[in-house]
Amino acid sequence: MDSVVIFDTTLRDGEQSPGFSMTRPQKLRMAEMLAALKVDVIEAGFAAASPGDFASVHSVAEQIQGPRICSLARCNENDITQAARALEPAARKRLHVFIATSPIHREHKLKLSREQVIAQAVSGVKLARSLADDVEFSAEDAIRTEPEYLAEVLEAAIAAGASTVNIPDTVGYTTPAEMTRLIRFIQENVPNIDQAIISTHCHNDLGMAVANSLSAVEQGARQIECTINGIGERAGNASLEEIVMAIHTRADHFGCDTQIDTTKLHPASRLLAGITGSFVPRNKAVVGDNAFAHEAGIHQHGVLAHAETYEIMKPEDVGVLQSDLVLGKHSGRHAVVDRIKQLGFDLEFVNVDQVFADFKNLADQKKRVFDADLEALITGKPHSEGPWRIEALKVTSGIGADHEPHADVTLVHEDGTRRSQSGSGDGPLDATFHAMIEASGLDLHMTGLAVRSITEGEDAQGEAEVRATYEGNEMKGSGLSTDIVAASARALLDIINSVSRKQARKQAGDRGDPAEARAAAN
Ligand code: KIV
Ligand code: ZN
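Residues numbered from 1 in each chain as written. Chains lettered and ligands numbered in written order. Predicted model: local features only at pLDDT ≥ 70, side-chain atom pairs only at ≥ 80, totals over all residues. Heavy atoms only, no water.

A. Local environment of the pattern of salt bridges. As enumerated under the stated definition, the model contains 27 salt bridges in all. Among the salt bridges present, the one from D134 reaches R94, with a minimum N-O distance of 2.8 Å. Within this pair, whereas D134 is found in the loop between α6 (114-131) and β6 (135-140), its partner R94 is found in strand β5 (residues 93-100), the two being separated by 40 residues in sequence. Accessibility classification places D134 together with R94 in one group, the buried group. A salt bridge links R418 to E391; its shortest N-O distance comes to 2.4 Å. Pair noted here: R418 is in strand β13 (residues 418-424) and E391 is in strand β11 (residues 388-396), with a separation of 27 residues, a long-range link. Among the residues examined, E391 registers a relative accessible area of 37% and is labelled partly exposed. Several salt bridges share partner residues, and in doing so they unite R270, D289, E375, R452 and E463 into one network. (Salt bridge = Lys/Arg side-chain N within 4 Å of Asp/Glu carboxyl O. Helix = DSSP H or I, 4+ residues; strand = E, 2+ residues; numbered from the N terminus. Buried < 20%, exposed > 50% of the residue type's maximum accessible area, 1.4 Å probe, protein only.)

B. Quick look at the nonpolar core. Among the nonpolar cores identified, the biggest contains 118 residues, and F137 and L374 are the most heavily contacted of them. Ranked by the residues each element gives to this core, the list is headed by helix α7 (residues 147-160), at nine residues. Taken domain by domain, the makeup of this core includes at least three residues from each of domain 1 (2-229) and domain 2 (293-379). Contact partners of F137, with chain neighbours within four places excluded, come to C75, V97, I99, A121, V125, V153, L154, A157, A162, T164, V165 and N166. Membership of the second largest hydrophobic core comes to 27 residues, among which are A464, V466, A489 and I495. (Core = buried A, V, L, I, M, F, W, Y, C linked by side-chain atoms within 4.5 Å. Domains from an automatic or database assignment. Contact = heavy atoms within 4.5 Å.)

C. Spatial organisation of a nonpolar patch on the surface. Together, L449, V451 and I484 give the surface a local cluster of nonpolar side chains, amounting to about 230 Å² of exposed area. Of note, V451 is situated in strand β14 (residues 444-453). Residue classification places V451 among the partly exposed positions, given a relative accessible area of 36%. (Patch = residues over 30% accessible without salt bridge, like charges linked within 9 Å, V, L, I, M, F, W, Y side chains within 5 Å. Areas by Shrake-Rupley, 256 points an atom, 1.4 Å probe, with all protein chains shown as cover.)

D. Representation of the sheet that holds strand β12 (residues 406-413). A sheet is described by the order of its strands in space; here three strands give the open sequence β11-β12-β13, paired in antiparallel fashion. Each of the sheet's edge strands pairs with one partner strand only, and the pair in question is β11 and β13. Strand-to-strand twist across the sheet, computed as the mean angle between neighbouring axes with direction ignored, equals 15 degrees. Sheet analysis places β12 next to β13, joined by seven bridges and oriented antiparallel. In the sheet register, V409 faces β13, and the bridge partner there is Q421. Taken strand by strand, helix α18 (residues 484-510) contacts β11 and β12, and its axis lies near 145 degrees from that of β11. (Pairing = 2+ DSSP bridges. Axes fitted to C-alpha atoms, helices over the stretch in contact; angles between N-to-C directions.)

E. The pairing of β6, seen in detail. Counting buried residues along β6, six of its six residues qualify, which places the element largely inside the surrounding structure. By the alternation rule, side chains of β6 split into V135, F137 and A139 and E136, S138 and E140, which are all buried. In this sheet, β6 lies alongside β5 in parallel orientation, the contact comprising six bridges. Bridging from a neighbouring strand, V97 pairs with F137 of β6. Relative to strand β7 (residues 164-169), β6 runs parallel, the two sharing three bridges. Its bridge partner lying in β7, S138 is registered against N166.

Take a look at the structure:
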């Protein structure tokens, strides 16, 4: 059976969208998970975009074994040589060069003629091929490109040495039937197409990214570019877990499969959500909490009688554990470690001592520790990375004229600085945020808050996601606790700490102290 190459761009197209940015250590942790998932290619970033991007691509290339590591580059010398340098340590590498081909991009963005675009594509691919033996070429906005011209560009790119040609739906505009026709047109009109793999890269602006990608596979495309949880520019990219499970579940229809270890899909989804502080919607296909929950009586009866009445995939196939075993305060380290493994996390990449200590604390607060609780401890942020920590927080609230919500907070910096502040507001959270922002001394503006309960029950853990702007940039923080005020305070602390770390990096850079700057960057 044919295999479809799964090209993961969570760390590039996914990460570049607002609310999903990741630090270098977070990217590395995610890359480790992508390797465990057995994706074929990890697009680790766009090396020339910034020194931070360069460093992230370089670290992934240095430390991740298994998948081919890739960097994006425009078709110019600087981008391509930087990408090649960043990829140097990788055992298996790919250079991914792109240029826009549609009339709207040629005229308004590039100000280049058709011939000039082809010339740049060819010189870009040739330079890339002189630096790596695996080169992918993308015709940005291919969907809105004149098909005959697109065929010419692809033919030239393949002749110059590209072994994968990617057909991006950059603006999420196409439909499944249109995608089928375009791939067929390419197969019939690009004379050397048999020397390259056809790939697609679909955005989800009209909610059709997965359907469009699958249409391309039906028509013979053998690489799909996608992201975990479908994160990405605007409405996102095609979601990896949906693509993989559609191809796998309907191998009879598609006549192909992937190399993905599907039991790692759920852990990978939860890890990304934990790192970026973005909840996965309950009804999300494949990885949402409700994906295998059967509420209606008729459905429950059917599933109990025979699971396939209403289940087309088995929960365990995507790494969802079906077990009644619940951990509690008497559970020992062995049981917790065992559960971490069963949940699909590789012990090599989990701070087991920390998770076990957090588990013990949590088990003191709530009777039963469910899998979702443990997952949150593994992937989430029970502890902010510092330099600030909350030493004390006291909040009062109530109903009536005499009960204006009020908060007293003390923040302590790792250098010993202690700041206490009081705040009032419309409610206990508002008062807490005012007090904390005042204590931090940062000009932060709250823009959003979401709180959700991780499991059922009165003592359930709450996960809070806070958004705030600092110097015009949107920042996001997340926090966990059985108390939603504490969870929200921790989420804001997360933002305060990332701004403080950024300031420390900048100050170290200004002083020209690279060792200190590097330490602050980690
Ligand atoms: O959406 C797009 O066109 C891209 C390309 C650079 C592949 O992300
Ligand atoms: Zn894209």
